[in-house]
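What follows is each chain in one-letter form.
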Amino acid sequence: VGLVLVAAAAVFVAKGTNPGSIGGVSNVNAISDLPVISKAPRPSLAIGKGFLNTKPLKEVDLKGKVVVYDFWTYSCINCVRTLPYLESWYQRYKDDGLVIVGVHSPEFDFEKNHHNVAAAAKKLGVNYPVVYDDDLDIWNAFNNSYWPAKYVTDRQGNVRFTHFGEGDYSQTEQVLRVLLGVKKDAPKAADPKKPAENLTAAITPETYLGSERGSTESPEELQSGPHHFTLPSSLSHNNFGLDGDWLVSKQFLESTDAKENLDLRYQAGEVNLVMDRTNATDAIAVIELDGQPVPASARGSSITERDGQTVVNVASADLYHLIANGPKGDHTLRIHPLGAGVQVYAFTFGS
């Protein structure tokens, strides 16, 4: 088990994404059951770039409080799936002395735009305080490496519990109740009933599309600048290929006309794609599954039907939900922009 955790942690550090639930303790019935891991770095929030949903939080605002520092970014699907639990804990325990601070630490440049973050937080139902960590200063102060990551401090400012990844929500809530001194028979937070990711399923890992971390199976190398690509005759499992003229940047690929295709061979029940646009008007991309429009039973929330095609309307920089409850086994997903200016950053998957 130890070797498995070490291996998982290594993947986590390298990619900064969620390999599963790492960390935590069991059988927490008293504060003495929780180790003193470290002191929370001070000043922890003053080095951020501003706040959302609150006035600027100072050290005095956190004194004597139990604080959850939750490192997240709004285009991270693993982060998004944890947010309903954080919001539920905040609403239930804020009057008992709980402070939740969402530390928004961007992975992509567009996530440094505070308007984008505020819009995403509103859409995702985040009402607790959020601090903008545009330059990862708070991230570095905590020596953090993961999205999502939770650091829980006691009323004296000691880090007593950490959790990296999704899941273990009941355990985390029990830690909060113990640190807050909530009576055992007191009501718990409402259960958002959002299932944790099935970590035992064999699914395609997160796939980056820019030159910095991406790797295409097309014969041409993935280097920054304008390039013409040719789809390979076949794609191997968990890989993508390109066709047509794409503008390659470090973080994304951008369509230059209406002749490009991106084919991805994957295995997962859920597929998400981080997308943006360069044009002032909305951008459209046709989405096909195994050479056909996405069947109604497998359409994610971002898919609509237009003229017999299944499409996604890219209205802003965000995470787009393409496939939900998709068929098992290997499949090929095609992204076909209907014009220039469609940007694609990274695929994430779920079971």
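Further up the page is the structure itself.
The sections below set out a description of the structure shown in this document. Worth saying up front: this structure is predicted, and the values here are computed from it rather than measured.

Details of helix H6 (residues 169-180)
Move 1: Taking 1.5 Å as the rise per residue, H6 with 12 residues should run 16 Å; its terminal C-alpha atoms sit 16 Å apart, in good agreement.
Move 2: By the criterion of burial, H6 is predominantly enclosed, with 9 of the 12 residues buried.
Move 3: Among all positions of H6, only Tyr 169, Thr 172, Glu 173, Val 175, Leu 176, Arg 177, Val 178, Leu 179 and Leu 180 are buried.
Move 4: Of the surrounding elements, those touching the buried residues of H6 are strand S3 (66-72), helix H3 (77-93), strand S4 (98-104), strand S6 (149-153) and strand S7 (158-164).

Quick notes on the sheet that holds S6
The pairing of strands in a sheet happens through backbone hydrogen bonds and is either parallel or antiparallel.
Move 1: One open sheet holds the 7 strands; their spatial order is S1-S7-S6-S3-S4-S5-S2, and the pairing between them is mixed. Looking at which strands have only one partner, the edges of the open sheet turn out to be strand S1 (38-39) and strand S2 (51-52).
Move 2: Here S3 pairs with S4 via 7 bridges, running parallel. Along S4, the bridge assignment pairs Val 66 with Leu 98.

Side note on the nonpolar core
Move 1: Core analysis: the largest hydrophobic core is formed by 66 residues, its most contacted members being Tyr 69, Phe 71, Trp 89 and Leu 98.
Move 2: With 9 residues, H3 is the largest single contributor of residues to this core.
Move 3: Discounting chain neighbours no more than four positions away, the residues touching Leu 98 are Val 66, Val 68, Trp 89, Tyr 90, Tyr 93, Leu 176 and Leu 180.
Move 4: The next biggest cluster of nonpolar side chains, apart from the first, holds 33 residues, and it includes Leu 264, Tyr 266, Val 271 and Ala 283.

Topic: unusual backbone geometry
Negative phi values dominate among residues other than glycine, just as trans dominates among peptide bonds.
Move 1: The amide bond that connects Trp 147 to the next residue, Pro 148, takes the cis arrangement and shows omega of -15°.
Move 2: Looking at the secondary structure, you find Pro 148 in the loop between helix H5 (137-141) and S6.
Move 3: Its identity as a non-glycine residue notwithstanding, Asn 143 has a phi of 55°, on the positive side.
Move 4: By secondary structure assignment, the location of Asn 143 is in the loop between H5 and S6.
Move 5: On the accessibility criterion, Asn 143 (65% relative accessible area) is exposed.
Move 6: The phi torsion at Asn 238 lies on the positive side, around 65°, for a residue other than glycine.
Move 7: Within the element layout of this structure, Asn 238 appears in the loop between strand S9 (225-229) and strand S10 (239-248).

Quick look at the pairing of strand S13 (residues 270-277)
Move 1: The buried fraction of S13 is high, at 7 of 8 residues.
Move 2: Direction of pairing for S13 relative to strand S20 (residues 342-350): antiparallel, over a ladder of 8 bridges. From the neighbouring strand, Met 275 faces S20, where its bridge partner is Val 344.
Move 3: For S13 and strand S18 (residues 318-323), the ladder comprises 5 bridges, and the chain directions are antiparallel. Across the sheet, the residue bridging to Val 274 is Leu 319, located in S18.

Let's talk about the environment of Ile 37
Move 1: Note on placement: Ile 37 falls in the loop between helix H1 (2-15) and S1.
Move 2: Here Ile 37 falls in the partly exposed class, since its relative accessible area comes to 46%.
Move 3: In this structure the C-alpha to C-alpha distance between Ile 37 and Ala 141, which are 104 residues apart in sequence, comes to 15 Å.
Move 4: If we ignore the near neighbours within four places in the chain, the residues touching Ile 37 are Val 159, Arg 160, Phe 161 and Thr 162.

Quick look at the packing of H3 against H6
Move 1: Between H3 and H6, the least distance of the axes is 12 Å, while the angle of their chain directions is 25°. Classified by the angle between their axes, H3 and H6 sit roughly parallel to one another. You can see that H3 and H6 cross each other, and the crossing is right-handed. The segment H3 lies against H6, with Arg 81, Thr 82, Tyr 85, Trp 89, Arg 92 and Tyr 93 engaging Tyr 169, Thr 172, Glu 173, Leu 176, Arg 177 and Leu 180.
Move 2: Per-class residue counts for the contact of H3 with H6 are 6 nonpolar, 2 polar and 4 charged.

So, the side chain of Asp 154
Move 1: Mapped onto the fold, Asp 154 is located in the loop between S6 and S7.
Move 2: At a separation of 2.9 Å, a polar atom in the side chain of Asp 154 contacts the side chain of Arg 160.
Move 3: Here Asp 154 is in contact with Lys 65, Arg 160 and Leu 179, once residues within four sequence places are set aside.

Rules used in this analysis
- Residues numbered from 1 in each chain as written.
- Predicted model: local features only at pLDDT ≥ 70, side-chain atom pairs only at ≥ 80, totals over all residues.
- Heavy atoms only, no water.
- Helix = DSSP H or I, 4+ residues; strand = E, 2+ residues; numbered from the N terminus.
- Expected span 1.5 Å × (residues − 1).
- Buried < 20%, exposed > 50% of the residue type's maximum accessible area, 1.4 Å probe, protein only.
- Contact = heavy atoms within 4.5 Å.
- Pairing = 2+ DSSP bridges.
- Core = buried A, V, L, I, M, F, W, Y, C linked by side-chain atoms within 4.5 Å.
- Axes fitted to C-alpha atoms, helices over the stretch in contact; angles between N-to-C directions.
- Parallel < 35°, antiparallel > 145°, perpendicular 65-115°, else oblique.
- Left-handed = near helix turned anticlockwise from the far one by under 90°.
- Nonpolar A, V, L, I, M, F, W, Y, C, P; charged D, E, K, R; others polar.
- Polar contact = N/O pair within 3.5 Å; in protein donor to acceptor, adjacent residues only side chain to side chain.

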